[in-house]
Amino acid sequence: MIALLYIKKIFKLSVYIILALLALFMVYFFYQPEVEFLNMVIYNPFYDYIKNLQLWLYLVLYFSIISFINVFILFFLSLYFSYRRERALNLKSRYDKIFAERLTDYLLTDRYNEEHNKAKFIKSIKRITKNHLQIESLFSVYTKIQETLTIDLSHKFKTLLKETGIYYKQKVFLYSDNPDERIIAMKMLSYLRINDFENRILYYSNSKNHAIRTEAFASLIRLMDKDANLISFIGEQHRLSLLDINVVINAVLKNFKMYINYPALVASPRVYKAIIGLMLIKCREKTEYAHLIFLHKHLESNDNMLKLIAWDCLFDLLPEKQSVKVILERFDEQPDDVKHLILKRMHSIRDGNFLDILKNAIENQTLINKVEALKVLFNNNFSEFAEYRNSNDPDVLKAFKEVSDINII
């Protein structure tokens with residue numbers, strides 16, 4: 001089947017080359033009275049009209065006529081493909097509904113454990129998986145069901161694919177030119193725990209297409225037989241974006257990758273590995289690893305994103321008294337965006353020792369941090385907040401009015 005895909009690609013390329021050569025030949029043909037081809041003389045019926053035209057004028061006329069014809073061709077092709085697309089969408093919606101009902105019943109009930117019922121069901125599915133659109137719908141519905149549920153449904157679905165004779169179609173989708181089909185194939189292979197095409201998925205993890213790349217990350221994590229492999233995989237391919245990081249974390253959490261070497265991730269010299277380590281510790285509330293933030297000095301990191309994540313984790317992993325102590329010691333030396341994060345997270349703190357930090361922020365920090373500090377004060381100590389209504393600092397008055405308008409009016 002893969003050979004057939006390559007044959008189709010070669011055929012399409014050949015057609016484009018032939019059309020290009022034909023267009024060039026027509027430029028020559030229409031400027032000649034006749035052309036001899038395979039002992040046949042082909043006369044040019046338009047030669048009398050263009051024989052007196054200069055070459056440049058002839059070329060302008062030729063390409064103008066071709067462009068005019070192309071407008072009509074493109075218009076009708078647009079109508080045709082719009083009709084086909086709409087019809088395909090309607091059909092897919094219909095098949096999605098059918099497969100959603102039947103697959104849910106097949107995968108989540110025991111009635112098909114009996115051979116008679118199972119054979120009857122497979123026969124019914126076989127009748128509606130004859131073309132590419134139907135198979136795409138079946139694959140898509142299965143991945144959506146598996147994404148929703150934490151139960152491993154792979155064994156039943158593998159059996160269904162083999163019995164219906166479309167098991168190999170996963171490979172066809174994986175090597176498809178269509179990005180959506182590649183993504184469906186990677187989801188399918190990873191949910192079914194099929195490792196045969198891991199190298200191809202690894203190849204897609206370097207794709208310039210962000211959707212393909214992020215799905216490749218998620219699929220590779222799902223396919224890992226040992227959670228320890230995660231350490232060597234994350235961040236080794238290329239610099240991860242925030243979206244990549246979220247994809248990796250979601251894949252780890254959804255697929256119950258529990259035995260992760262958190263210290264190795266947090267200690268990594270690769271910033272994005274350390275970020276993922278911190279975020280996993282935060283999501284899983286691994287308070288026993290809070291000391292790693294200080295051990296590896298992430299609160300003092302030169303990378304601003306890592307520093308922000310480290311401070312954010314601090315509030316979730318440390319007891320309130322300890323986090324307030326760290327804030328009191330380090331707040332003044334932080335950049336504005338880190339100060340803003342700290343102030344936002346202070347909404348949940350009830351320790352009275354942070355009042356000095358708030359007053360300092362209101363009096364000495366940037367306008368956005370004054371607003372955030374006043375918000376915290378409004379929610380925790382209204383009498384202190386009210387004292388700033390007559391401040392001599394115009395920025396403090398602006399911030400006070402902003403908070404008052406939001407919270408009082």
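Read on for an overview of the structure. (Residues numbered from 1 in each chain as written. Predicted model: local features only at pLDDT ≥ 70, side-chain atom pairs only at ≥ 80, totals over all residues. Heavy atoms only, no water.)

**Remarks on the overall build of the protein chain**
Argument step 1. In terms of helices and strands, the protein chain carries 22 helices and two strands.
Argument step 2. For 409 residues, the compact-globule estimate of 2.2 N^0.38 gives 22 Å, and the C-alpha radius of gyration of the protein chain, at 32 Å, exceeds that figure by more than 25%.
Argument step 3. By residue count, 42% of the 409 residues in the protein chain fall in the buried class.
Argument step 4. When the accessible surface of the protein chain is summed, it comes to about 24000 Å², and 57% of that surface belongs to carbon and sulfur atoms. (Helix = DSSP H or I, 4+ residues; strand = E, 2+ residues; numbered from the N terminus. Rg over C-alpha atoms; globule rule 2.2 N^0.38 Å. Buried < 20%, exposed > 50% of the residue type's maximum accessible area, 1.4 Å probe, protein only. Areas by Shrake-Rupley, 256 points an atom, 1.4 Å probe, with all protein chains shown as cover.)

**Details of the pairing of strand E2 (residues 40–43)**
Argument step 1. Inspection of the sheet shows strand E1 (residues 34–37) paired to E2 by four bridges, in the antiparallel sense. Note on E2: the bridge partner recorded for Glu 34 is Tyr 43.
Argument step 2. Between the antiparallel neighbours E1 and E2 lie two residues, among them Leu 38 with a positive phi of about 55°. (Pairing = 2+ DSSP bridges.)

**Considering unusual backbone geometry**
Argument step 1. With a phi close to 55°, Glu 285 is a non-glycine residue in the positive phi region.
Argument step 2. Its place among the elements puts Glu 285 in the loop between helix H14 (271–283) and helix H15 (291–295).
Argument step 3. Look at Lys 297: it is not a glycine, yet its phi comes out positive at around 55°.
Argument step 4. Looking at the element boundaries, Lys 297 is found in the loop between H15 and helix H16 (304–317).

**Looking at the packing of aromatic side chains**
Argument step 1. Scanning all chains against the criterion turns up 14 aromatic pairs.
Argument step 2. Their ring planes at 50° and their centres at 4.9 Å tell us that Tyr 112 and Phe 121 sit as a pair that is tilted. The pair formed by Tyr 112 and Phe 121 is uniform in burial state, with each residue classed as buried.
Argument step 3. Site record: aromatic cluster; members linked through ring pairs are Phe 378, Phe 382, Phe 385 and Phe 400.
Argument step 4. Here Lys 156 stacks its cationic end above the ring of Tyr 106, 5.6 Å away from the centre of that ring.
Argument step 5. The positively charged end of Arg 222 is found above the aromatic ring belonging to Tyr 191, 4.3 Å away from the centroid. (Phe/Tyr/Trp six-rings, centres within 6.5 Å; stacked < 30°, edge-to-face > 60°. Lys NZ or Arg CZ within 6 Å of the ring centre and 35° of its normal.)

**Topic: the pattern of salt bridges**
Pairs can form between side chains of opposite charge once their charged atoms are near each other.
Argument step 1. In total, this model carries 11 salt bridges according to the counting rule given.
Argument step 2. Here Arg 111 makes a salt bridge to Asp 105, at a shortest N to O gap of 3.1 Å.
Argument step 3. Judged by relative accessible area, which is 22%, Asp 105 ranks as partly exposed.
Argument step 4. Its salt-bridge partner being Asp 316, residue Arg 345 comes within 3.2 Å of it at the nearest N-O pair. Separated by 29 residues along the polypeptide, Arg 345 in helix H18 (residues 336–345) and Asp 316 in helix H16 bring together distant segments of the chain.
Argument step 5. Note on Arg 345: relative accessible area 19%, which makes it buried.
Argument step 6. On the basis of relative accessible area, Asp 316 is assigned to the partly exposed category, the value being 32%. (Salt bridge = Lys/Arg side-chain N within 4 Å of Asp/Glu carboxyl O.)

**Structural notes on helix H20 (residues 367–380)**
Structurally, the α-helix is built with 3.6 residues per turn, so residues lying three or four positions apart point the same way.
Argument step 1. Taking 1.5 Å of rise per residue, 14 residues should cover 20 Å, and H20 covers 20 Å from first to last C-alpha, within 8% of that figure.
Argument step 2. Looking at H20, one finds that the buried residues are Asn 369, Lys 370, Val 371, Glu 372, Ala 373, Leu 374, Val 376, Leu 377 and Phe 378. (Expected span 1.5 Å × (residues − 1).)

**A few points about the side chain of Asn 369**
Argument step 1. Here Asn 369 shows up in helix H20.
Argument step 2. Only 3.5 Å separates the side chain of Asn 369 from the backbone oxygen of Asp 336, close enough to count as a polar contact.
Argument step 3. Those residues in contact with Asn 369, other than ones at most four positions away along the chain, are Asp 336, Lys 339, His 340, Leu 343 and Ala 361. (Polar contact = N/O pair within 3.5 Å; in protein donor to acceptor, adjacent residues only side chain to side chain. Contact = heavy atoms within 4.5 Å.)

**Section: the packing of helix H3 (residues 55–108) against helix H6 (residues 154–164)**
Argument step 1. Here H3 crosses H6 at 120°, and the two axes come no closer than 9 Å. Accordingly, the angle class assigned to the pair H3 and H6 is oblique. As for how H3 packs across H6, the hand of that crossing is right-handed. Facing H3, whose interface residues are Leu 103, Tyr 106 and Leu 107, H6 presents Lys 156, Phe 157, Thr 159 and Leu 160.
Argument step 2. Residue composition of the contact of H3 with H6, by class: five nonpolar, one polar and one charged. (Axes fitted to C-alpha atoms, helices over the stretch in contact; angles between N-to-C directions. Parallel < 35°, antiparallel > 145°, perpendicular 65-115°, else oblique. Left-handed = near helix turned anticlockwise from the far one by under 90°. Nonpolar A, V, L, I, M, F, W, Y, C, P; charged D, E, K, R; others polar.)

**Looking at the side chain of Thr 164**
Argument step 1. Relative to the assigned elements, Thr 164 resides in helix H6.
Argument step 2. Looking at Thr 164, its side chain comes within polar contact range of the main-chain oxygen of Leu 160, at 2.7 Å.
Argument step 3. When near neighbours in sequence (up to four residues on either side) are disregarded, Thr 164 contacts Ile 122, Ile 125 and Lys 126.

**Focus: the packing of H16 against helix H17 (residues 320–330)**
Argument step 1. Relative orientation of the contacting elements H16 and H17 amounts to 145°, with a least axis distance of 9 Å. Only Ser 323, Val 326, Ile 327 and Arg 330 of H17 make contact with H16, whose side of the interface consists of Trp 311, Leu 314 and Phe 315.
Argument step 2. Here the contact of H16 with H17 is composed, by residue class, of five nonpolar, one polar and one charged.

**As for helix H19 (residues 355–364)**
Argument step 1. Those residues of H19 not exposed but buried are Ile 357, Leu 358, Ala 361 and Ile 362. Angular distribution of buried residues about the axis of H19 spans 130°; they occupy a single face of the element. Among the exposed residues of H19, those oriented more than 90 degrees off its buried face are Asp 356 and Asn 364. (Arc of directions from axis to C-beta.)

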